[in-house]
Amino acid sequence: MIEKKIGNTPLRRCEHLSNKFSTNIYIKDESCNPGKSSKDRAAYFMLEEAIKGNKIQPGGTIVEASSGNTGISIALMAKELGCRAKIFVSKSCSEEKRALLEAYGASIEICDNSFGLHVFNSTQYQAQAYAANHENAYFTNQYYNSANIKAHYKTTGPEIWEQTNHQVTHVIAGVGTGGTISGIGRYLKEQKKNIKILGVEPTNSVYQTFLEHGKVENTGVVHDAIEGIGRTFIPGTFDVQAVDAIYQIDAESSKRAAQDYRADTDQLIGFSSAAVLAAVEQNLSHMNFKHDDHVVLYFPDHGDRYLQKLYNNNQQETTKAFDIL
Ligand SMILES: Cc1ncc(COP(=O)(O)O)c(C=O)c1O
């Protein structure tokens with residue numbers, strides 16, 4: 001059964017980055033989950049709660065709005081449950097993820113954007129409307145489902161705490177729904193209040209403003225496209241109490257960080273992992289690591305989901321303002 005294999009992903013010390021940033025750097029490698037991303041955790045917890053509440057029956061359809069990874073996890077689990085998966089992705093979802101969704105048997109709908117439940121042509125609105133209008137269909141709704149945070153509170157947070165022998169000082173993670181950073185942050189701050197929980201989002205995403213000012217102005221400016229992270233609205237699954245700071249990074253710097261990392265280590269990393277790396281590089285003096293700190297970089301998936309976007313140098317730049325996740 002898939003749930004037995006979810007989580008307990010490796011935490012590896014990275015010598016290259018430890019030398020580069022003059023501290024102890026570890027990578028939490030979430031590509032080691034069965035669906036090859038961190039989103040297995042949230043998908044499993046959301047489906048488990050739905051099953052307990054009799055909201056999903058065999059033969060039914062599980063519906064989600066996803067930048068791809070949650071959809072892939074749900075598609076895998078739907079099969080085991082004897083259900084179908086219907087996944088609404090935005091048009092900027094990578095070719096690799098679309099192909100995987102279809103290979104895992106999901107039916108996909110491509111929407112213009114993912115601007116939230118109140119925008120007609122967004123993934124979230126379309127997913128919610130589909131579930132509301134079809135018998136035996138259930139919308140897992142990762143942006144407002146507390147099981148999303150709970151997954152990381154119950155699993156990822158404790159894993160990081162144990163794997164660092166309680167020495168972790170910083171966790172740095174990309175913010176999409178906010179479930180990952182909120183769950184990890186909530187758990188780790190209960191263990192030790194001064195552990196720094198730092199989020200990363202694309203330039204012009206709204207989390208930084210919300211964290212600093214408690215509200216979001218609608219400026220009409222849309223953030224850079226980095227798959228999996230960044231929002232135009234604040235979802236229910238972002239817990240401001242669990243996060244110390246949010247850093248912004250642009251898509252081009254993230255892409256460069258992925259390519260530099262490949263040149264230095266021969267490893268391919270995902271787009272949002274590269275964003276975390278680029279944010280650390282650009283804000284090193286602000287983050288002010290000490291030599292004996294233990295810094296965990298959260299890598300939600302693998303570079304093989306972004307071969308075209310990150311590692312094909314012939315590819316024209318595709319990140320446009322409206323073209324987000
Ligand atoms: C590649 C990637 N990175 C980061 C995230 C953000 O995680 P969260 O939604 O828990 O904030 C996601 C979420 O889908 C993702 O797919």
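Residues numbered from 1 in each chain as written. Predicted model: local features only at pLDDT ≥ 70, side-chain atom pairs only at ≥ 80, totals over all residues. Heavy atoms only, no water.

Quick word on the overall build of the protein chain
Piece 1. Scanning the protein chain from terminus to terminus reveals 12 helices and 10 strands.
Piece 2. For a compact globule of 325 residues, the expected C-alpha radius of gyration is about 20 Å, and the protein chain comes in at 18 Å, within 12% of that figure.
Piece 3. In terms of overall dimensions, the protein chain has a C-alpha envelope of 55 × 40 × 40 Å along the principal axes.
Piece 4. Across the 325 residues in the protein chain, those meeting the buried criterion constitute 58%.
Piece 5. In the protein chain, of all internal contacts separated by at least 6 residues, the share reaching a separation of at least 24 is 73%.
Piece 6. Split by element, the accessible area of the protein chain, about 13600 Å² in all, is 46% carbon and sulfur. (Helix = DSSP H or I, 4+ residues; strand = E, 2+ residues; numbered from the N terminus. Rg over C-alpha atoms; globule rule 2.2 N^0.38 Å. Buried < 20%, exposed > 50% of the residue type's maximum accessible area, 1.4 Å probe, protein only. Contact = heavy atoms within 4.5 Å. Areas by Shrake-Rupley, 256 points an atom, 1.4 Å probe, with all protein chains shown as cover.)

Overview of helix H4 (residues 95-103)
Piece 1. Of all the residues in H4, the buried ones are Glu96, Lys97, Arg98 and Leu101.
Piece 2. Buried-residue contacts for H4 involve helix H3 (69-81), strand E4 (84-90), strand E5 (107-111) and helix H12 (307-311).
Piece 3. Two residues or fewer after H4 comes glycine 105, characterised by a positive phi angle close to 90°.

What about H3?
Piece 1. Taking 1.5 Å per residue, 13 residues should reach 18 Å; H3 reaches 19 Å between its end C-alpha atoms and fits that length.
Piece 2. Where H3 is buried, its residues touch helix H2 (39-52), strand E3 (61-65), E4 and H4. (Expected span 1.5 Å × (residues − 1).)

Some remarks on the environment of isoleucine 56
Piece 1. Position of isoleucine 56 among the secondary structure elements: in the loop between H2 and E3.
Piece 2. Each C-alpha atom of the pair isoleucine 56 and cysteine 83 lies 8.3 Å from the other, and the pair is 27 residues apart in sequence.
Piece 3. Once you skip the residues sitting within four places of it in the chain, isoleucine 56 turns out to touch Leu47, Ala50, Ile62, Cys83 and Tyr138.

With respect to the site of the ligand
Piece 1. For the ligand, the set of nearby residues contains 16 residues, the closest of which are Lys39, Gly176, Thr177, Thr180 and Ser272.
Piece 2. Between the ligand and glycine 176, the relevant distance is 2.7 Å, taken from an oxygen atom to a main-chain nitrogen or oxygen of the residue.
Piece 3. Taken by itself the ligand offers 390 Å² of open surface, and the protein chains cover 97% of this.
Piece 4. Of the residues that constitute the shell around the ligand, the class distribution is 4 nonpolar, 9 polar and 3 charged.
Piece 5. In this structure, the shell around the ligand is formed jointly by two domains, domain 1 (2-33 + 152-311) and domain 2 (39-139), each of which donates at least three residues. (Near = heavy atom within 4 Å. Polar contact = N/O pair within 3.5 Å; in protein donor to acceptor, adjacent residues only side chain to side chain. Nonpolar A, V, L, I, M, F, W, Y, C, P; charged D, E, K, R; others polar. Domains from an automatic or database assignment.)

Some remarks on the sheet that holds E4
Sheet strands line up and pair through hydrogen bonds in the backbone, either parallel or antiparallel.
Piece 1. Sheet architecture is open: 4 strands sit in the order E5-E4-E3-E6, paired in parallel fashion. Every other strand in the sheet has two partners, leaving E5 and strand E6 (137-139) as the edge strands with one partner each. This sheet shows a mean twist of 20° between the axes of neighbouring strands, independent of strand direction.
Piece 2. Relative to E6, E3 runs parallel, the two being bridged by 3 bridges. Bridge pairing in E6 places isoleucine 62 opposite tyrosine 138.
Piece 3. Sheet strands touched by H4: E4 and E5. Its angle to E5, the strand with the most contacts, is close to 150°.
Piece 4. Its contacts with the sheet place helix H5 (residues 123-133) against E3, E4, E5 and E6, and it is angled at close to 160° to E3. (Pairing = 2+ DSSP bridges. Axes fitted to C-alpha atoms, helices over the stretch in contact; angles between N-to-C directions.)

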